[in-house]
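# Structural overview
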Amino acid sequence: MTDLTRIPGIGKNMARHLIAAGYPDIDSLRGQNINEVYAK
């Protein structure tokens, strides 16, 4: 599916939510504010 599931605590369902929010991979999350990611 995606390398997002390599992050501890991120399963397939959360990975789908992250992709839908515009974060398709680990690199897209680097440097992001976790509160903004969560809000999306």
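Residues numbered from 1 in each chain as written. Predicted model: local features only at pLDDT ≥ 70, side-chain atom pairs only at ≥ 80, totals over all residues. Heavy atoms only, no water.

### Re the confidence of the model for the chain
Residue-level pLDDT values for the chain average 93, and 98% of them are 70 or greater. Helix H1 (residues 12–20) holds the highest mean pLDDT among the elements of the chain, 96, whereas helix H3 (residues 34–39) holds the lowest, 92. (pLDDT = per-residue confidence, 0-100. Helix = DSSP H or I, 4+ residues; strand = E, 2+ residues; numbered from the N terminus.)

### Quick look at the nonpolar core
Within the largest apolar cluster, 8 residues are counted, these being Leu4, Ile10, Ala15, Leu18, Tyr23, Ile26, Leu29 and Val37. When contributions to this core are tallied by element, the ones reaching two or more residues are H1 and helix H2 (26–29). (Core = buried A, V, L, I, M, F, W, Y, C linked by side-chain atoms within 4.5 Å. Buried < 20%, exposed > 50% of the residue type's maximum accessible area, 1.4 Å probe, protein only.)

### Structural notes on the environment of valine 37
Tracing the backbone through its elements, the reader meets valine 37 in helix H3. Of the residues examined, valine 37 reaches a relative accessible area of 10% and is grouped as buried. Through-space distance from the C-alpha of valine 37 to that of leucine 18 is 8.0 Å; in sequence the pair is 19 residues apart. Every residue in contact with valine 37, bar those within four places of it in the chain, is listed here: Leu18, Tyr23, Leu29 and Gln32. (Contact = heavy atoms within 4.5 Å.)

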